Amino acid sequence: MRLNRSWVLIAAVCVLLCRPVASQSSVAPQQLEIPTPHGPRTATLRLPTGVGRFPVVVLASSGNPAMRAELVEALGARGIATLRVDVELRVRPTSGVIDLSATQELTAWMTRLRNDPRFERVMIGGMGSASIFAMQAARAARADGFIDLGPAYSSPAVTEAVGRTIPVLLETGADLVETVVQFVRQTSIPRHPEGERRSPRDIVMADIAGSRISIEYGRPSKRGRVIWGTLVPWGRWWMPGADEATTLTTSRPLEFGKLMVPAGDYTIYTEPGDTSFMLIVNRDTGVFHTTYHADRDLGRVEMQGAAAPAPAEQLTFAVEPQGSGGVLKLIWDDREYSAPFNVGR
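Treat the numbers as computed from the prediction; the structure is a model and nothing was measured.

How do you make sense of helix H6 (residues 176-186) when you look at a structure like this?
Along an α-helix, residues three or four positions apart point the same way, because every turn accommodates 3.6 residues. Of the positions making up H6, those classed as buried are Leu-176, Val-180, Val-181, Phe-183 and Val-184. Down the axis of H6, the smallest arc covering the buried residues is 165 degrees, so these residues share one side.

How do you make sense of the packing of helix H3 (residues 101-114) against helix H4 (residues 131-140) when you look at a structure like this?
Across the interface, H3 lies against H4 with an axial gap of 8 Å and an inter-helix angle of 50 degrees. Taken as axis vectors, H3 and H4 run oblique relative to one another. H3 and H4 meet at a crossing whose hand is right-handed. Taken together, the residues of H4 that come into contact with H3 (itself represented by Ala-102, Thr-103, Leu-106, Thr-107 and Met-110) are Phe-133, Ala-134, Gln-136, Ala-137, Ala-138 and Ala-140. Residue classes in the contact of H3 with H4 are distributed as 8 nonpolar, 3 polar and no charged.

Explain unusual backbone geometry here, please?
In this structure, Arg-223 is a non-glycine residue whose phi angle is positive, near 50 degrees. Within the fold, Arg-223 resides in the loop between strand S9 (211-218) and strand S10 (247-250). Residue Asp-243 is not a glycine yet carries a positive backbone phi of 60 degrees. Here Asp-243 falls in the buried class, since its relative accessible area comes to 15%.

Which parts of the structure should I look at to understand the pattern of salt bridges?
Oppositely charged side chains are able to pair whenever their charged atoms sit close together. For the structure on display, the rule yields 18 salt bridges. A salt bridge links Arg-142 to Asp-265; the shortest N-O distance between them is 3.2 Å. Of the two residues, Arg-142 is situated in the loop between H4 and strand S6 (146-148) and Asp-265 in strand S13 (residues 264-272); the sequence distance between them amounts to 123 residues. Asp-265 gets classed as buried once you look at its relative accessible area, which sits at 9%. As a salt-bridge pair, Lys-222 and Asp-333 come within 2.9 Å of each other at their nearest N and O atoms. Of this pair, Lys-222 sits in the loop between S9 and S10 while Asp-333 sits in strand S17 (residues 325-343); the two residues are 111 residues apart in sequence, bridging distant segments of the chain. Taking the relative accessible area as the measure of exposure, Asp-333 reaches 12% and is therefore buried.

Mind showing me how you'd approach the sheet that holds strand S11 (residues 254-256) here?
Strand pairing in a sheet relies on backbone hydrogen bonds. The paired strands run either parallel or antiparallel. A sheet is described by the order of its strands in space; here 4 strands give the open sequence S12-S11-S17-S16, paired in antiparallel fashion. Sheet topology places strand S12 (259-261) and strand S16 (304-322) at the edges, where each strand pairs with a single neighbour. Recorded for the sheet is a direction-independent mean angle of 25 degrees between the axes of neighbouring strands.

Honestly, the side chain of Arg-219 in this entry has me stumped. Any pointers?
Summarising the element assignment, Arg-219 is placed in the loop between S9 and S10. Taking relative accessible area as the criterion, Arg-219 reaches 16% and is therefore assigned buried. Engagement of the side chain of Arg-219 in a polar contact is seen with the side chain of Thr-316, the distance being 2.7 Å. Contacts of Arg-219, omitting those with residues within four sequence positions, involve Arg-198, Ser-199, Pro-200, Asp-202, Gln-314, Leu-315 and Thr-316.

Quick question: what am I supposed to make of the environment of Ile-124 here?
Along the chain, Ile-124 turns up in strand S5 (residues 119-126). Residue class for Ile-124 comes out buried when judged on its relative accessible area of 0%. Taking the C-alpha atoms as reference, Ile-124 lies 9.1 Å from Leu-83; in sequence the two are 41 residues apart. Ile-124 has contacts with Val-57, Val-58, Leu-106, Met-110, Ala-134, Ala-138, Ala-143, Gly-145, Phe-146 and Ile-147, leaving out every residue within four places of it along the chain.

Please clarify how the sheet that holds S9 should be interpreted in this entry.
Pairing within the open sheet is antiparallel, and its 6 strands lie in the order S8-S9-S10-S13-S14-S15. The open sheet terminates on both sides in strands that have one partner only, identified here as strand S8 (201-208) and strand S15 (297-302). Pairwise comparison of adjacent strand axes, ignoring direction, gives a mean angle of 25 degrees for this sheet. Here 5 bridges tie strand S14 (residues 277-282) to S15, and the two strands are oriented antiparallel to one another. By the bridge assignment, Ile-280 is partnered in S15 with Arg-300. In the packing of H3 onto the sheet, contacts are made with S8 and S9, and the angle to S8 comes to roughly 165 degrees.

What counts and what doesn't
- Residues numbered from 1 in each chain as written.
- Predicted model: local features only at pLDDT ≥ 70, side-chain atom pairs only at ≥ 80, totals over all residues.
- Heavy atoms only, no water.
- Buried < 20%, exposed > 50% of the residue type's maximum accessible area, 1.4 Å probe, protein only.
- Helix = DSSP H or I, 4+ residues; strand = E, 2+ residues; numbered from the N terminus.
- Arc of directions from axis to C-beta.
- Axes fitted to C-alpha atoms, helices over the stretch in contact; angles between N-to-C directions.
- Parallel < 35°, antiparallel > 145°, perpendicular 65-115°, else oblique.
- Left-handed = near helix turned anticlockwise from the far one by under 90°.
- Contact = heavy atoms within 4.5 Å.
- Nonpolar A, V, L, I, M, F, W, Y, C, P; charged D, E, K, R; others polar.
- Salt bridge = Lys/Arg side-chain N within 4 Å of Asp/Glu carboxyl O.
- Pairing = 2+ DSSP bridges.
- Polar contact = N/O pair within 3.5 Å; in protein donor to acceptor, adjacent residues only side chain to side chain.

The following block contains the structure:
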């Protein structure tokens, strides 16, 4: 028996409409990998269904997989992506002190996500003993927010220091998921570029004489342009970086010659010149690279110029030990500028 074409079409439409619709709570897992000094590390990224840019929360813990799994599913159902990271703590054999590797790895994961155009904001939550490292990483990597998802292992002073520069959620209450969702969605964040970044974010972190020092910045590329004196003009202020502010964070006071920099968070500016190059430390944080308030300057110090060991296509910062203190370096194209410092108490 032959069916009328119209009945065939109606039947086909019914089949399509009656298909089970994928639950909006379903999330698709992806394995991401980053290089570390201790070898490659992997973490599981789960994306909500749908299109567009998502907020993402790094879930850092050293245990309690059941809680993490429940939270991942619940946040995915509310349109929030998650990256589950198992924090691996390493102790220095000579001193017995936990080294920077856990914090550095978490900052690397956040930087990876900030450079991913799928995400419109990047936050981090710490569970259990991983919360202190998550909090440190949130501050150094300029997270859009920190969430304490378990017993806080940090001192009130550390928590207060973080809260001065980024939003912090310490009390999640009985309804954990709803509180986290509201915090993620309602927290005001700095301006973040949409789409692929031409100047990817990066972070350099070092432990110098007991001070944890980090610089978080965007890395513009030369791309065949003349840098010094042209793209970067002489005789006016310039923030070395791109997009969001270039931020210096130090856990102890730093002494750049006569410039005393208390422990805290600052924006780095410079005043380039053909024969001199000034480093400017500014009290502002969270600004865009085209913004400069000179009245917020903490002070300035002259940097020493030299030929770069090798041409650098991308702007590069380095913080390295030198003598009893350290040195901050800015390298781009064929030039290297440096400012030595000592660490106070």
